[in-house]
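Okay, here's what each chain looks like letter by letter:
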Amino acid sequence: MRKIIIAGNWKMNKTLDEVNDFFKGISEWEKDFEHRCQILIFPSNIYIQIALKMLDENNIDIGVQNIYYKDFGAYTGEISPKMILSIGSKYSLVGHSERRNIFHETDEEVNLKVKSLISNGVNVVMCVGETEEEREAGKTEKVLEQQLNYGLKDILPPDMKNIILAYEPVWAIGTGRTATPEIAEQAHKFIRDWISQKFGKNIAAEISILYGGSIKVSNIRDLIAQEDIDGGLIGGASLKLEDFKEIIKISEKNINRQ
Ligand code: PGA
């Protein structure tokens, strides 16, 4: 049965004191937690080791928000899958729309990153999603198909167990405009059907597809209840400990499967 995952993408936020407070709070709380969902947090790179140390006794996974696809070398400012693995982190986001739009990351680079992470044994959360313009022009499925096709090029069926997908419509990220559960479910189903055609029914049934884009305490219940939504990738609301805990609690209670 596929995993339900609640992930927090902190982006470029929090000072060291704020990071300490958050991890202290979540590590105490998490010990009483039912664990029907996996918790995953993507802090800024400079806090990864602190997070791993503070959450050592907890069941919370820590990942990075981006990597470069080479192993080592003259790539100023970058970090590699080998480096993150060496400090004990086993997850990376790839292809977030902010990377694609602000830093001009192409589908080809997304694919190089996915392949580099997989070959190093790091789990990938690959983000896909259409802009508002693309949705209004009726191109949502075409865009998703292209991002999936390029992003997962040369990926073999056995590699798919290390891949999680996140559907994040760009118009819903940080805007307060969440996709309705129906709109999100439609896109998730399209993605699962695409995976089924490309990698087979069993892999499609097992892969977790997260929704991201203005998830909050007030809308997670209806999103998580959708058949093809296997959790959330949460930006703004994951920065507030109380909201993040509440989102996890509601998700635990409303997971739409046994
Ligand atoms: P948001 O961000 O929850 O603040 O909309 C989601 C994301 O970018 O992953």
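Coordinates for the structure precede this section.
Quick caveat, the model's predicted, so the values are computed rather than measured.

Thresholds, definitions, all that
Residues numbered from 1 in each chain as written. Predicted model: local features only at pLDDT ≥ 70, side-chain atom pairs only at ≥ 80, totals over all residues. Heavy atoms only, no water. Helix = DSSP H or I, 4+ residues; strand = E, 2+ residues; numbered from the N terminus. Rg over C-alpha atoms; globule rule 2.2 N^0.38 Å. Buried < 20%, exposed > 50% of the residue type's maximum accessible area, 1.4 Å probe, protein only. Contact = heavy atoms within 4.5 Å. Areas by Shrake-Rupley, 256 points an atom, 1.4 Å probe, with all protein chains shown as cover. Lys, Arg positive; Asp, Glu negative; His and termini not counted. Charge placed at Lys NZ, Arg CZ, Asp CG, Glu CD. Pairing = 2+ DSSP bridges. Axes fitted to C-alpha atoms, helices over the stretch in contact; angles between N-to-C directions. Core = buried A, V, L, I, M, F, W, Y, C linked by side-chain atoms within 4.5 Å. Disulfide = S-S within 2.5 Å. Right-handed = clockwise from strand over helix to strand, strands pointing away.

K.L.:
Help me understand the overall build of the protein chain in this model?
P.N.:
Along the protein chain, the regular secondary structure elements total 11 helices and 8 strands. Rg of the C-alpha trace for the protein chain: 17 Å, near the compact-globule value of 18 Å for 258 residues, within the 12% margin. By its C-alpha atoms, the protein chain is 45 × 45 × 35 Å across when sized along the principal axes. Classification of the 258 residues of the protein chain by burial places 53% in the buried group. Here the analysis covers contacts within the protein chain between residues at least 6 apart in sequence; of these, 71% occur between residues at least 24 apart. On the protein chain, roughly 12300 Å² of surface is accessible, and the fraction owed to carbon and sulfur atoms is 48%. One way to put it: in the protein chain the 32 positive side-chain charges average out to a point 2 Å from where the 39 negative ones average out.

K.L.:
Would you mind showing me how to read the sheet that holds strand S7 (residues 209-212) here?
P.N.:
Strand pairing in a sheet is mediated by backbone hydrogen bonds. Such pairs are either parallel or antiparallel. Around the barrel, 8 strands lie side by side as S1-S2-S3-S4-S5-S6-S7-S8; this closed barrel has parallel pairing. This sheet shows a mean twist of 30° between the axes of neighbouring strands, independent of strand direction. The sheet contacts of helix H7 (residues 140-151) involve strand S5 (123-128) and strand S6 (163-167), and relative to S5 the element is tilted by about 150°.

K.L.:
How should the nonpolar core be read in this particular structure?
P.N.:
One broad trend across soluble globular proteins is that nonpolar side chains are buried collectively. Counting residues in hydrophobic clusters, the biggest one holds 66 residues, and the most contacted among them are Phe23, Ile26, Ile41, Leu152, Ile163 and Ile195. A per-element tally of this core places helix H8 (residues 181-199) first, with 7 residues. When neighbours within four sequence positions are excluded, Leu152 is seen to be in contact with Asn111, Met126, Met160, Ile163, Trp194, Ile195 and Phe199. Core analysis: the next-biggest nonpolar cluster, separate from the first, contains 12 residues, Ile5, Ala7, Ile164 and Leu210 among them.

K.L.:
Could you clarify how one ought to interpret the state of the cysteines in this entry?
P.N.:
Simply put, the disulfide is a covalent bond whose two ends are the sulfur atoms of two cysteines. In this structure the tally under the stated criterion is 0 disulfides. In this structure Cys37 is not part of a disulfide, and its nearest cysteine sulfur, from Cys127, lies 19 Å away.

K.L.:
Which parts of the structure should I look at to understand the environment of Gln186?
P.N.:
Locating Gln186 in the fold gives a position in helix H8. Taking C-alpha positions, Gln186 is 9.9 Å from Ile229, a pair spaced 43 residues apart along the chain.

K.L.:
Looking at this structure, I do not really get the pairing of strand S3 (residues 60-64). What am I missing?
P.N.:
In summary, the side chains of a regular strand alternate between the two faces of the sheet. Of all 5 residues making up S3, 4 are buried, and the element is well covered by its neighbours. Handedness of the crossover joining strand S2 (residues 37-42) and S3 through helix H2 (residues 48-54) is recorded here as right-handed. Where S3 meets strand S4 (residues 91-94), 2 bridges bridge the pair, whose relative direction is parallel. For Val64, the partnering residue across the bridge sits in S4 and is Ser92.

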